[in-house]
Amino acid sequence: MSDVYHLDDAVRAMIRRAKLVSLDDSGGQQMMGLAGLKGDSPRKVPRVQPYGFTSNPPADSVGVLISLGGRSDRAMVIGVEHEAYRPRGLPGGATAIYDQFGSIVSLVEQEVRVVHAQKVVVSAPEIILEAGGSQMTISAGGTDIQSPALRHNGRNIGETHVHTNVQPGTGNTGQPAA
């Protein structure tokens, strides 16, 4: 009977909820200090993250602590989130990357949305924006805009623009026509 009880206890200890207390992000793998069951406080537990994505969750985030065979020396953490910062109300099929400061990059239906309260920085030696047959290239050599029409404040300033009040000679032209 005691072998069955011991096995049952090991199975119960294999998967449980744990709250983040501390995090060391200095090595090749994040190591977490956790608060688990009453009196359970595993330390230096590696966090398993999906390839190509990393985050540094704030204290009090919650994850799943898995202990292979119920052994604490084989523990790992997966699925860490903080309910206060998780975006809500996303439609089915949507994906979002977010932080505790209100930054959200989301893929929602037919849109990619980038939201931040202060500033969005795009940094590269060359940035190319394309939409509907128009293209803008920004690089150290300057900014090049290829577009069937180019407007500023509603006025055509592209290659087909015309000016009003053209005076012959050395006079200046008026503003571009709308």
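Look up: the structure comes first, before these words.
Residues numbered from 1 in each chain as written. Predicted model: local features only at pLDDT ≥ 70, side-chain atom pairs only at ≥ 80, totals over all residues. Heavy atoms only, no water.

Draft legend 1. Summary view of the overall build of the chain. Assigned secondary structure in the chain consists of 1 helix and 13 strands. Put simply, the chain runs from its N terminus to its C terminus through helices and strands in the order α-β-β-β-β-β-β-β-β-β-β-β-β-β. In terms of overall dimensions, the chain has C-alpha extents of about 105 × 35 × 25 Å along its principal axes. Expressed as a percentage of its 178 residues, the buried residues of the chain come to 19%. Across the chain, the fraction of contacts at a sequence separation of at least 24, relative to all contacts at a separation of at least 6, is 26%. Of the roughly 13400 Å² that the chain leaves accessible, carbon and sulfur atoms contribute 54%. Seen as two clouds, the 16 positive and the 17 negative side-chain charges of the chain have centres 7 Å apart. (Helix = DSSP H or I, 4+ residues; strand = E, 2+ residues; numbered from the N terminus. Buried < 20%, exposed > 50% of the residue type's maximum accessible area, 1.4 Å probe, protein only. Contact = heavy atoms within 4.5 Å. Areas by Shrake-Rupley, 256 points an atom, 1.4 Å probe, with all protein chains shown as cover. Lys, Arg positive; Asp, Glu negative; His and termini not counted. Charge placed at Lys NZ, Arg CZ, Asp CG, Glu CD.)

Draft legend 2. Quick look at unusual backbone geometry. Positive phi, normally seen in glycine, also occurs at Lys44, with a value near 55°. Position of Lys44 among the secondary structure elements: in the loop between β2 (31-35) and β3 (45-46). We note that Glu109 has phi near 50°; this positive angle belongs to a residue other than glycine. Its location among the elements puts Glu109 in the loop between β7 (104-108) and β8 (111-115).

Draft legend 3. Representation of the nonpolar core within the structure. Ala18, Leu20, Met32, Leu34, Val45, Leu65, Ala75, Val77 and Val80 together form the largest nonpolar core, which totals 9 residues. Elements with a contribution of two residues or more to this core: β1 (15-24), β2 and β5 (75-81). Top contributing element to this core by residue count: β5, with 3 residues. (Core = buried A, V, L, I, M, F, W, Y, C linked by side-chain atoms within 4.5 Å.)

Draft legend 4. Up close: the pairing of strand β11 (residues 142-146). Where strand β10 (residues 134-139) lies against β11, 5 bridges are found, and the strand directions are antiparallel. Looking at the pairing, Thr137 lines up with Asp144 of β11. The antiparallel pairing of β10 with β11 creates a hairpin that spans 2 residues between the two strands. (Pairing = 2+ DSSP bridges.)

Draft legend 5. Representation of the environment of Gly141. With respect to the helices and strands, Gly141 occurs in the loop between β10 and β11. With 32 residues separating them along the chain, Gly141 and Glu109 place their C-alpha atoms 36 Å apart.

Draft legend 6. Expanded view of the pattern of salt bridges. If you walk through the whole model with that rule in mind, you get 2 salt bridges. With its nearest N and O atoms 2.7 Å apart, the salt bridge here joins Glu111 to Arg113. (Salt bridge = Lys/Arg side-chain N within 4 Å of Asp/Glu carboxyl O.)

Draft legend 7. Spotlight on the sheet that holds strand β9 (residues 126-131). Ordered by their spatial adjacency, 3 strands build an open sheet running β9-β10-β11, and the pairing between neighbours is antiparallel. Both outer strands of the open sheet, β9 and β11, are each paired with one neighbouring strand and no more. On average, each strand axis in the sheet is inclined to that of its neighbour by 10°, with strand direction left out of account. Judged from the 6 bridges that link them, β9 and β10 form a sheet pairing that is antiparallel. Following the sheet pairing, Ile128 is matched in β10 by Thr137. (Axes fitted to C-alpha atoms, helices over the stretch in contact; angles between N-to-C directions.)

Draft legend 8. Highlighting the sheet that holds β7. Here we have 3 strands laid out as an open sheet, ordered β6-β7-β8, and antiparallel in their pairing. At either margin of the open sheet sits one strand with a lone partner, and together these are β6 (95-98) and β8. Within the sheet, the average angular offset between the axes of one strand and its neighbour, ignoring direction, is 10°. Looking at chain direction, β7 and β8 are connected through 5 bridges and run antiparallel. If you follow Val105 over to β8, its bridge partner there is Val114.

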